[in-house]
Amino acid sequence: MTDAPALDPAPADGLRAHSAALRSHAERLRRAAGDLRWQGPRADALRAEVAGLADRCATAAGGFDLAAAQLAEPRPPGTP
């Protein structure tokens, strides 16, 4: 029986680094929106837009984490 080929960890590590960066961006966006002292409907709209952007960053980070986990899984012999 042969072992699954060793995988290069660099692609998965790169995805994890991108994920961490996106999570950091999401946190900074949320913090900046919370610190906004401007009031009124336009300020609320801006906060909602920034919160949506932060959510999209966090979602993308989750996708990168999932892809990294899949890359790190050993593949059965003969699998492309």
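In what follows, the structure referred to is the one given above.
Residues numbered from 1 in each chain as written. Predicted model: local features only at pLDDT ≥ 70, side-chain atom pairs only at ≥ 80, totals over all residues. Heavy atoms only, no water.

A. Summary view of the overall build of the protein chain. When you go through the protein chain residue by residue, the secondary structure sums to 2 helices and 0 strands. Relative to its full complement of 80 residues, the protein chain shows a buried share of 15%. In the protein chain, of all internal contacts separated by at least 6 residues, the share reaching a separation of at least 24 is 80%. (Helix = DSSP H or I, 4+ residues; strand = E, 2+ residues; numbered from the N terminus. Buried < 20%, exposed > 50% of the residue type's maximum accessible area, 1.4 Å probe, protein only. Contact = heavy atoms within 4.5 Å.)

B. Region of the structure containing helix α1 (residues 10-35). In this model, α1 (26 residues) spans 37 Å end to end at C-alpha, consistent with the 38 Å of a helix rising 1.5 Å per residue. Here α1 has its buried residues at A12, L15, S19, L22, A26 and A33. Looking at the buried residues of α1, the elements they touch are α2 (41-72). (Expected span 1.5 Å × (residues − 1).)

C. Inspection of the environment of E73 at higher detail. Inspection of the secondary structure assignment puts E73 in the segment after α2. Relative accessible area serves as the criterion here: at 47%, E73 is assigned to the partly exposed category.

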